[in-house]
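Close look at the chain arrangement
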Amino acid sequence: MNQNDILIYPTYFPSISHYIAMIDAKTVTFEVEDTFQKQTNRNRMYIYSPNGIQLLNISVKHNSANTNFKDIKIDNQHNWQKNHFKSLEAAYKNSPFYEYFVDDLRPLFEKKHEFMLDLNFEIFDLVNESLGISIPFEKTTEYFHEVSDKTDFRYLVNGKKDTTQIEPYTQVFDDKHGFINNLSILDLLFNEGRYAVDYLKQQSL
C-alpha cells in the first residue's frame, strides 16, 4: 500500500489535519459516494473567536438517514453566509493576514449555493489558491466501507475521532485562551499566510 495515496472527505473549510494529510499526498481521492452524517465537518468548521473555540455550522436539508451527501442541499432560509462572515471578521480582523485574503473570501459568502458538496469543492479551490498550492484530486465512483489501496483518512471528518496534535503557532487570542489545536485551515491561513504551507509540511498525523 502506498501511504501517499489517500482517501478523504471534502469538508467545509477543512481542519488543519485535513491539509496535513493532503499537502504531501501522492494522490488525493475525495469520497463523494457516502451517506450524509450529522455532526461532522462535512458542513461545519471550528474557529478561534474572542470567546475561545466557536463552531460555525451550515443547516442542511435531508429527507432520510440514507441520503447521499452529494444530494444534500443547503438550507438557505437561514442567513448563514452573513453570520459566518461576521464571525470570521470578529475572530480574525486583527490577524496578520486577514486583510490580505478577505477580499478573495468575501464573494463565497455573498453567493447562494444549492448543494453542500459543491460549496466544499469551491472552498477547496479557494483555499488552495490562497495557500499558493495545487492539489490534484479524483472523486470516488462508488462507496467502499474499507479500502486497501489507499490510506483511509475519512475518519478525520469526525472531529471526535480526529486526535491530531499539531505544533502551536501564534493565534490572535492565545493570550486569553491559550493555543487551540487543529481548527479550520482558515485559522492557520489568517495567522501565518503562505508560511502555512511550510508549517503543514512539518506536521504529521
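Residue numbers restart at each chain and count upward from 1, following the sequence in its written direction. Under the rules for a predicted model, residues below a pLDDT of 70 receive no local features and side-chain atom pairs below 80 are neither given nor counted, while totals for whole chains, interfaces and linings still include all residues. Water and hydrogen atoms were dropped before computing side-chain values, which therefore reflect all heavy atoms in the structure.

Before going further, it helps to examine the packing of helix α1 (residues 16-23) against helix α7 (residues 195-202). In the contact formed by α1 and α7, the axes pass within 9 Å of each other and the chain directions differ by 80°. Relative to α7, the element α1 lies roughly perpendicular. Contacts between α1 and α7 pair I16, Y19, I20 and I23 from the former with V197, Y199, L200 and K201 from the latter. Structural elements are reduced to axes, namely lines fitted to C-alpha atoms, with helices fitted over the stretch in contact, and the angle between N-to-C directions of any two is expressed from 0 to 180 degrees. Each helix corresponds to a stretch of at least 4 residues labelled H or I by DSSP, and each strand to a stretch of at least 2 residues labelled E; elements are numbered beginning at the N terminus. Between 65 and 115 degrees an angle is taken as roughly perpendicular, under 35 as roughly parallel, over 145 as roughly antiparallel, and anywhere else as oblique. The contact definition used throughout considers only heavy atoms, calling two residues in contact when any of these lie within 4.5 Å.

Okay, the packing of aromatic side chains next. The aromatic pairing rule takes the rings of Phe, Tyr and Trp, using the six-membered ring of Trp, and pairs them if the centres are within 6.5 Å, calling planes under 30 degrees apart stacked, those over 60 edge-to-face and the rest tilted. Counted under the stated rule, the structure contains 20 aromatic pairs. Relative to F179, the ring of Y169 lies with its centre 5.3 Å away and its plane at 80°, an arrangement referred to as edge-to-face. Remark: F179 occurs in the loop between α5 (174-177) and α6 (185-192) and Y169 occurs in the loop between β8 (151-152) and α5; sequence separation between them is ten residues. Think of it in three bands: residues with accessible area under 20% of the maximum for their type are buried, residues over 50% are exposed, and the middle band is partly exposed, with areas taken using a 1.4 Å probe on protein chains only. By relative accessible area, Y169 is classed as buried at 7%. Look at F179 and you get partly exposed, because its relative accessible area is 28%. Aromatic rings pair up to connect Y12, F13, W80, F85 and F109 into one cluster. Over the ring of Y9 we find R42, and its NZ or CZ is 4.4 Å from the ring centre. The ring of F121 is capped by K139, whose NZ or CZ atom sits 4.4 Å from the centre of that ring. Criterion for a charge above a ring: Lys NZ or Arg CZ within 6 Å of the ring centre, and within 35 degrees of the ring normal.

Here we come to the packing of α6 against α7. In the contact formed by α6 and α7, the axes pass within 8 Å of each other and the chain directions differ by 125°. Compared by their axis directions, α6 and α7 come out oblique. Two secondary-structure elements touch here, α6 through I185, L188 and E192 and α7 through Y195, A196, Y199 and L200.

Before going further, it helps to examine the layout of surface pockets. Put simply, the grid is 1 Å and covers the protein atoms alone, a cavity is a trapped set of points that fit a 1.4 Å probe, a pocket is an open set with protein on both sides within 12 Å along at least five of seven lines, and lining residues have an atom within 4 Å of a point. Grid points are joined across faces, edges and corners, and a volume is the space filled by probe spheres set on the points. As a volume, the largest pocket reaches approximately 280 Å³. Along its surface, the largest pocket is lined by 18 residues, and N41, Y46, G159, K160 and N182 are the ones closest to its centre. By residue number, the principal contributor to the lining of the largest pocket is strand β3 (residues 44-49), which donates three residues. Around the second largest pocket, the lining residues are Y9, Q37, R42, Y143, H145, D152, R154, Y155, V157, N158 and K161. Think of it as three bins: nonpolar holds Ala, Val, Leu, Ile, Met, Phe, Trp, Tyr, Cys and Pro, charged holds Asp, Glu, Lys and Arg, and polar takes everything else, Gly as well. Looking at the lining of the second largest pocket residue by residue, the class counts come to four nonpolar, three polar and four charged.

This part is about empty space enclosed by the protein. If you walk through the whole model with that rule in mind, you get one cavity of 30 Å³ or more. Of the pockets and cavities examined, the largest cavity occupies roughly 30 Å³. Considering the residues around the largest cavity, the lining is formed by Y9, P10, T11, P14, M22, F30, N120 and F124. Looking at the lining of the largest cavity residue by residue, the class counts come to six nonpolar, two polar and no charged.

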